[in-house]
Amino acid sequence: MTILLVPILTGVFIYVKSNQTIVDEINRSNNLILLKMQKDMDTLLEDANHLSVEIALNPQVQELLTIREPLKSEQYFTLYKAFESLKVFKSSNRWNDYFVYIKATDTIITPDLSNSSESVFHSLYGAGGEEYGAWIRYMNGYFQGNFVKLGNDLVFIRSIPIGKYGTSQGNIVIFLDQAKFWVDNAEDYLHNGAAVIIDSNNQVLASTRSMASPLPVSYSDLGSKSGVLKVQDGDQELVISYISSGATDWKYMIMMPEHIYWDKLEWIKKVTMVSLLICLFVGGGLTYAFVRRNYSPVRGMLDMFKERKNGDRTGSKNFNEYYYMQHAIHSTLLENKEMGSRLWRQKSVMRSHFIEKLLKGRDNAIPLQQLMDLHEIAFISDEFAVMIINVEDYNVISPSLVRFAVMNVTEELARQTHQGFVMEMDDFIVCLVNFQDRQELAWKQELFEVAGRMLTFMERNYRVPVTIALSHLHTSIAGISKAYYEALEVLEYQSIYGVSGVMDYSDMVMPRAKGEYYYPLEKEQALMNCIKVGDYVTAEAIIDEIFKDNLEQRQLPLKLAKCLFVDLIGTMMKTINGLSGMYDNAFLEELNPLDRLLGSQTVSEMKNQLKLILRSICDSVGQKQVGKRANDVMQSIKDIVAAQYNNVNLSIASIAEQIGLHPAYVSKLYKDVTGASLLDDIGKYRIEQAKQIMKEQDMNMEAVALRVGYANVRTFRRIFTKYEGVTPGKYSEMIE
């Protein structure tokens, strides 16, 4: 039945739109007639005005105004010339006739005759003297170019001479041809209506048929320039379309009975009603037949659920067989979805646990291949590497959200060309990468590309700093654990020395390539710091370490070794230039470092000369400066640790940055002075503060860990157990 509303509403819509279309067409037709009438009438009135001006300015007509009675013989000739001159203006067919009335002689001159006003009046109208009196009063009046109704004639009157306002010596009268007012065959276009012209005095000036007086509408009702309005005229309603003249104050109207609109719709209305009835009865019958036929097969199936349906009623009025089937199917789908989700979560956890055992190198009682088949893991090659991602600061973003994003993006990037397995382990995110096809050093480039894209993604989208540690490439499944522990070492190195971004195991162990020597910026900075404080022992150790990396672990060519030694000499000279008290030309000339170095023939000789130069420089700086500087640095370190031990970002790198020294130098100086590691002392200091807090305040382990500078309780528990031998929980119980 709802479908049946479509043709019914469509029929109603078509009927309404047809009604509106016919009304619009009739109004448009009337407007066209009115516009044509306005244009023609305004042109006719302007032509009449121009004709009256031409006649008024005619010399013969102006000469007539000077004639006075009794007429002389020569003045009759003047009348004749005026009579002849008026014939010139008779060429137009837009008016019936025209004449000039001379008041002084009571004479009327037309293109055809010249006689007294009374004689002309009787010849024109054949009326009596009473009507002549009213007519001659118009002739003696003053007009500035007005349209007036004289009997049944519409005339244009202008007083002469032009320019003498208020006085008249005569008038020019032009009879307008009313047959020229209307469009040809206007009655056919007016749909049995009537066209009317009225002035501001509500006087009917012209009409297509005789009009009853008064009109059903007045001039004041037609306020705007054009429009359409409805009025009541006796027992019928009229629709009036009107427009204003552009030349006079006239209004042009078309009056039409309203029923004309609806007569044209009668046939459409009947056809629409018949169509709607056919649609309703035939469509309703077909609808019932098809619904009954299609529902019958379903009814048998629904009868099987009748008993269950009656027992499961909840009192809802909307309960029916369809609702019951929908509810049962929906419940089954939900149960299947929940069971599948539960199995997927369990399978995911077991799979992550298996990969974790591979990473940590734990043995399995079950054969490895069976476990891989169980967890649906199939390695595509025997080439593996491990990437560990450490999120340093979550800012204000939820840690779980950040970890979820890191895991998904890392796995997607790794699987674009290879195979990746991502999981959370020991507060880190670990990715085991199984390479598709290894070619020389391509694996390292691709691994760095994945790490770099991951780093860029997190910085751009989450503003979260991350540190990424990469292992070497290892062959066979047994090498997975080696790769994991290599990545852990890299991560520890990054943490100790404050190295951010991406770093692999080769950067930490052997950060050089063929044809290069190893002299990183941190080594140079550490050497400069030692020279500034005159610490020859530490400076010599740095030099020995550089020698070991470049000359003992591999045979560096002599030319490349000379470049290394020149670079070391440059570091010393830069340091001397930075010490204003040591800069002396005589001192440098006596020291002569470059000549002594370049004069050496072997690497051993260059090494001895370099150490002699270094000792001379350090001795010049002086032991007092060295001791004072070391003491100042140690005191600054202790003050920073005491003040900032509860800062989770406290590290050797942050302490060195605050002091203005290199992290390696700070770590070495502290160990040389105290014999202990700075990181160990920071950890011990934090644990001592934690023990004091647990003795004095009742706080949970998470709060205590955060209070002493640990971001999570797992790290705090591990460090506490390392130094105290018991867990924080056991220690708290011992205190109680």
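What counts and how
- Residues numbered from 1 in each chain as written.
- Predicted model: local features only at pLDDT ≥ 70, side-chain atom pairs only at ≥ 80, totals over all residues.
- Heavy atoms only, no water.
- Helix = DSSP H or I, 4+ residues; strand = E, 2+ residues; numbered from the N terminus.
- Contact = heavy atoms within 4.5 Å.
- Areas by Shrake-Rupley, 256 points an atom, 1.4 Å probe, with all protein chains shown as cover.
- Phe/Tyr/Trp six-rings, centres within 6.5 Å; stacked < 30°, edge-to-face > 60°.
- Buried < 20%, exposed > 50% of the residue type's maximum accessible area, 1.4 Å probe, protein only.
- Lys NZ or Arg CZ within 6 Å of the ring centre and 35° of its normal.
- Core = buried A, V, L, I, M, F, W, Y, C linked by side-chain atoms within 4.5 Å.
- Pairing = 2+ DSSP bridges.
- Patch = residues over 30% accessible without salt bridge, like charges linked within 9 Å, V, L, I, M, F, W, Y side chains within 5 Å.
- Salt bridge = Lys/Arg side-chain N within 4 Å of Asp/Glu carboxyl O.
- Axes fitted to C-alpha atoms, helices over the stretch in contact; angles between N-to-C directions.
- Parallel < 35°, antiparallel > 145°, perpendicular 65-115°, else oblique.
- Nonpolar A, V, L, I, M, F, W, Y, C, P; charged D, E, K, R; others polar.
- Left-handed = near helix turned anticlockwise from the far one by under 90°.
- Arc of directions from axis to C-beta.
- pLDDT = per-residue confidence, 0-100.

Engineer: Before we go on, may I ask you to explain the overall build of the protein chain in this structure?
Structural biologist: Scanning the protein chain from N- to C-terminus turns up 28 helices and 17 strands. The contacts in the protein chain between residues at least 6 apart in sequence include a share of 62% that link residues at least 24 apart. When the accessible surface of the protein chain is split by element, carbon and sulfur atoms take 53% of a total near 41200 Å².

Engineer: Sorry if this is basic, but what is going on with the packing of aromatic side chains here?
Structural biologist: Here the distance between the centres and the angle between the planes together describe a pair of aromatic rings. If you walk through the whole model with that rule in mind, you get 16 aromatic pairs. Look at Tyr710 and Phe716: their rings are 5.9 Å apart centre to centre, the planes differ by 50°, and that puts the pair in the tilted class. Comparing Tyr710 with Phe716 shows no difference in burial state: the two are buried. These aromatic residues form a ring-pair network of at least three members: Phe99, Phe121, Tyr132, Trp135 and Phe175. The aromatic ring of Tyr219 is capped on one face by Lys251, whose charged end is 5.5 Å from the ring centroid. Its end group placed over the ring of Phe421, Arg415 keeps NZ or CZ at 6.0 Å from the ring centre.

Engineer: Help me understand the nonpolar core, please; the structure alone is not making it clear to me.
Structural biologist: Nonpolar side chains in soluble globular proteins tend to end up buried together. Among the nonpolar cores identified, the biggest contains 46 residues, and Phe565, Leu568, Ile637 and Ile655 are the most heavily contacted of them. Mapped by element, the contributors of at least two residues to this core are α16 (521-533), α17 (536-552), α18 (558-578), α21 (603-621), α22 (623-644), α23 (652-659), α24 (663-674) and α25 (678-696).

Engineer: Can you help me understand the pairing of strand β11 (residues 251-257) in this one?
Structural biologist: The side chains of a regular strand alternate between the sheet's two faces. The buried fraction of β11 is high, at seven of seven residues. Alignment of strand β7 (residues 194-198) against β11, held across five bridges, turns out to be antiparallel. Bridge assignment links Ala195 to a residue of β11, and that residue is Ile254. By the bridge criterion, seven bridges tie strand β10 (residues 236-244) to β11 in an arrangement that is antiparallel. When the sheet's bridge partners are listed, Ile240 is paired in β11 with Met255. Taken together, β10 and the strand that follows it, β11, pair antiparallel across an intervening segment of six residues.

Engineer: Any chance you could explain a nonpolar patch on the surface here in plain terms?
Structural biologist: On the surface, Met1, Val274, Leu277, Ile278, Leu280, Phe281, Val282, Leu286 and Phe290 cluster together into a nonpolar patch covering about 910 Å² of accessible area. Relative to the helices and strands, Ile278 resides in helix α8 (residues 266-303).

Engineer: Can you help me understand the sheet that holds strand β9 (residues 226-233) in this one?
Structural biologist: Backbone hydrogen bonds hold the strands of a sheet together, and the pairing may be parallel or antiparallel. Here five strands make up an open sheet; going across it, the order is β8-β7-β11-β10-β9 and the pairing antiparallel. Strands at the two margins of the open sheet, each flanked by one partner only, are β8 (204-207) and β9. Strand after strand, the sheet turns through a mean of 25° between neighbouring axes, direction not considered. Sheet topology places β7 next to β8; three bridges connect them, and they run antiparallel.

Engineer: Honestly, the packing of α23 against α24 in this entry has me stumped. Any pointers?
Structural biologist: Helix-helix packing: each pair is described by the crossing angle between the helix axes and the interaxial distance. With their axes 8 Å apart at the nearest point, α23 and α24 run at an angle of 100° to one another. When the interaxial angle is binned, α23 and α24 end up roughly perpendicular. Counting all contacts with α23, which are made through Ile652, Ala653 and Ala656, the residues of α24 involved are Pro663, Val666 and Ser667. Each residue belonging to the contact of α23 with α24 can be placed in one class, and the counts come to five nonpolar, one polar and no charged.

Engineer: Can you help me understand unusual backbone geometry in this one?
Structural biologist: With glycine set apart, most residues show a phi of negative sign, and most peptide bonds adopt trans. Across the junction of Ile160 and Pro161, the peptide omega takes the value 0°, indicating a cis bond. Within the fold, Pro161 resides in the loop between β5 (153-160) and β6 (170-176). We note that Asp426 has phi near 50°; this positive angle belongs to a residue other than glycine. Its location among the elements puts Asp426 in the loop between β13 (419-425) and β14 (428-434).

Engineer: What exactly am I supposed to notice about the pattern of salt bridges here?
Structural biologist: Across all of its chains, the model carries 14 salt bridges by this definition. Residues Asp680 and Lys722 are paired through a salt bridge, measuring 4.0 Å at the closest nitrogen-oxygen approach. Taken as a pair, Asp680 in helix α25 and Lys722 in helix α27 (residues 713-724) lie far apart in primary sequence, 42 residues in all. Where salt bridges share partners, they join Glu356, Lys360 and Asp426 into one cluster.

Engineer: Honestly, the packing of α25 against helix α28 (residues 728-735) in this entry has me stumped. Any pointers?
Structural biologist: Interaxial distance between α25 and α28 falls to 10 Å at its minimum, and their mutual angle equals 45°. By the angle class used here, α25 and α28 are oblique. In the packing of α25 onto α28, the handedness of the crossing is right-handed. On the side of α25, the interface is formed by Lys691, Met694 and Lys695, while α28 contributes Pro728, Tyr731 and Ile735. For the contact of α25 with α28, the residue count by class is four nonpolar, no polar and two charged.

Engineer: Sorry, what's going on with the environment of Phe99 here?
Structural biologist: Locating Phe99 in the fold gives a position in strand β1 (residues 95-102). For the pair Phe99 and Thr110, spaced eleven residues apart in the sequence, the C-alpha separation amounts to 4.3 Å.

Engineer: Would you take a moment to explain the pairing of β14 for this structure?
Structural biologist: Burial analysis of β14 places six of its seven residues in the buried class, which makes it a mostly covered element. Sheet topology note: the strand β12 (residues 383-391)/β14 ladder contains six bridges and is antiparallel. Bridging across to β14, Ile388 finds its partner in Val430. Counting the residues in the hairpin turn of β13 and β14 gives two residues, including Asp426, whose phi is positive at 50°.

Engineer: Can you walk me through helix α4 (residues 117-125) in this structure?
Structural biologist: At 3.6 residues per turn, the α-helix brings residues three or four places apart onto the same side. Regarding α4, the residues found buried are Ser117, Val120 and Phe121. Viewed along the axis of α4, the buried residues span an arc of 100°, placing them on a single side of the element.

Engineer: Would you explain the confidence of the model for the protein chain in this entry?
Structural biologist: Reading predicted coordinates in detail is not appropriate for stretches of low pLDDT. A residue-level look at the protein chain finds 84% of positions with pLDDT of 70 or above and a mean pLDDT of 78. The least confident element of the protein chain is helix α9 (residues 306-311), whose mean pLDDT is 54; the most confident is β14, at 90. Every residue in residues 313-317 scores below 50 in pLDDT, and together they form one contact with partners more than four places removed in sequence or on other chains. Between residues 509-513, whose pLDDT stays under 50, and residues either more than four places distant or in other chains, the model counts seven contacts.

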